[in-house]
Amino acid sequence: MKKISFLFVLLSLFFVSNSYAQKVSAAAFLGWSVPQGEAFTYDDGTGGKGGLGYTVDVLYHFAKFDQKLAVGLVYNGAILAGGGDSDESLSIDMYGLNLYGVKGYYRFFNSGVSPYVSFSTGLSRLEVPEVTSNGVVISEGGSSFSLGVAPEVGVELGDFIISAMYMLPMKYETWSNEKETAGSLQISLGWRFNYQL
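*Asks:* Help me understand the confidence of the model for the protein chain in this model?
*Replies:* Low pLDDT means the predicted coordinates in that region are not meant to be read closely. On average, residues of the protein chain carry a pLDDT of 83, and 74% of them reach 70 or more. Counting contacts from residues 6–18, a segment whose pLDDT is below 50, to residues more than four positions away or on other chains yields zero contacts.

*Asks:* Sorry if this is basic, but what is going on with the pairing of strand β10 (residues 179–196) here?
*Replies:* Moving residue by residue along a regular strand, the side chains alternate between the two faces of the sheet. Here strand β1 (residues 23–36) runs beside β10; their pairing, made up of 14 bridges, is antiparallel. Bridged to Leu30 within β10 is Leu189. Both strand β9 (residues 160–173) and β10 contribute to a ladder of 12 bridges, which runs antiparallel. The residue bridging Ile161 from the neighbouring strand is Gly190, located in β10.

*Asks:* Any chance you could explain the nonpolar core here in plain terms?
*Replies:* A general trend in soluble globular proteins is that nonpolar side chains are found buried together. Counting 16 residues, the largest nonpolar core has Phe40, Leu80, Leu97, Leu126, Met167, Tyr172 and Ala182 as its most contacted members. Elements with a minimum of two residues in this core: β3 (69–86), β4 (89–107), β5 (113–128), β8 (142–157) and β9. Ranked by residue count, the leading element in this core is β9, at four residues. Aside from chain neighbours lying at most four places away, what touches Leu126 is Ala39, Phe40, Gly96, Leu97, Gly142, Ser143, Ser144, Tyr172, Thr174 and Ala182. Counting seven residues, the second-largest nonpolar core is a separate cluster that includes Phe29, Leu59, Ala70 and Tyr105.

*Asks:* For this particular structure, what's the right way to read the environment of Ala81?
*Replies:* Relative to the assigned elements, Ala81 resides in strand β3. Judged by its relative accessible area of 27%, Ala81 is partly exposed. Spatially, the C-alpha atoms of Ala81 and Lys49 are 5.6 Å apart, while their sequence positions differ by 32 residues.

*Asks:* Would you mind showing me how to read empty space enclosed by the protein here?
*Replies:* What the rule picks out here adds up to one cavity of 30 Å³ or more. Empty space within the largest cavity amounts to approximately 40 Å³. Lining the largest cavity are Phe29, Thr55, Glu152, Ser163, Met165, Gln186 and Ser188. Going through the elements one at a time, β9 and β10 are the ones with two or more residues in the lining of the largest cavity. Residues belonging to the lining of the largest cavity are distributed by class as follows: two nonpolar, four polar and one charged.

*Asks:* I would appreciate a short explanation of the pattern of salt bridges in the present structure.
*Replies:* Side chains carrying opposite charge are able to pair once their charged atoms draw close together. Under the defined criterion, the tally for this structure stands at seven salt bridges. When the shortest N-O distance is used, the salt bridge between Glu156 and Arg107 registers 2.7 Å. Linking Glu156 in strand β8 with Arg107 in strand β4, this pair joins segments that are 49 residues apart in sequence. Taken individually, Glu156 and Arg107 each receive the classification buried, so the pair is uniform in this respect. One network of salt bridges, in which partners are shared, links Asp57, Lys103, Arg107, Glu152, Glu156 and Arg192.

What counts as what
Residues numbered from 1 in each chain as written. Predicted model: local features only at pLDDT ≥ 70, side-chain atom pairs only at ≥ 80, totals over all residues. Heavy atoms only, no water. pLDDT = per-residue confidence, 0-100. Contact = heavy atoms within 4.5 Å. Pairing = 2+ DSSP bridges. Helix = DSSP H or I, 4+ residues; strand = E, 2+ residues; numbered from the N terminus. Core = buried A, V, L, I, M, F, W, Y, C linked by side-chain atoms within 4.5 Å. Buried < 20%, exposed > 50% of the residue type's maximum accessible area, 1.4 Å probe, protein only. 1 Å grid on protein atoms, 1.4 Å probe; cavity = no way out; pocket = protein on both sides within 12 Å on 5 of 7 lines; lining within 4 Å. Points joined across faces, edges and corners; volume = space filled by probe spheres on them. Nonpolar A, V, L, I, M, F, W, Y, C, P; charged D, E, K, R; others polar. Salt bridge = Lys/Arg side-chain N within 4 Å of Asp/Glu carboxyl O.

As structure tokens, then:
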């Protein structure tokens, strides 16, 4: 009788622990990033611009919502290049745009293929290059901070992800304390790693 009771307790603990299994996931993304905003505008609207975008996140999935809803931490970075006519000469500049924040995530289905939406917000930083003319530094480069807001949509194909994230253009101090908008549109491929606790 004691053995049966002991076995019953063990089986009960096993099913209770499995019914409350917690899921944590981590993802890494890499893609093409297109600068948006006034900080990347050249004379007469000339020039091309683009760069490399990357994102990592760690999410906690809520069992109560069938693990479709998750929240966690996110870091997004972009190395952006722009070039065009400036002061009657060709100018090529490098910028950095980063977001450190929190991310909310919702996956629509529990199937192998599912669309999802997410929303990230936190502290963002823009790094601007120095401005030179004929070898003379006109304005020093630097960095400034603002609120970062980045909605995202995507599709998960198993652990593989295709996503589009738009970091809304916000105001940053650029050159000579001017305030200009800067943001980015990032199209990425990624991979999500899932862990059961």
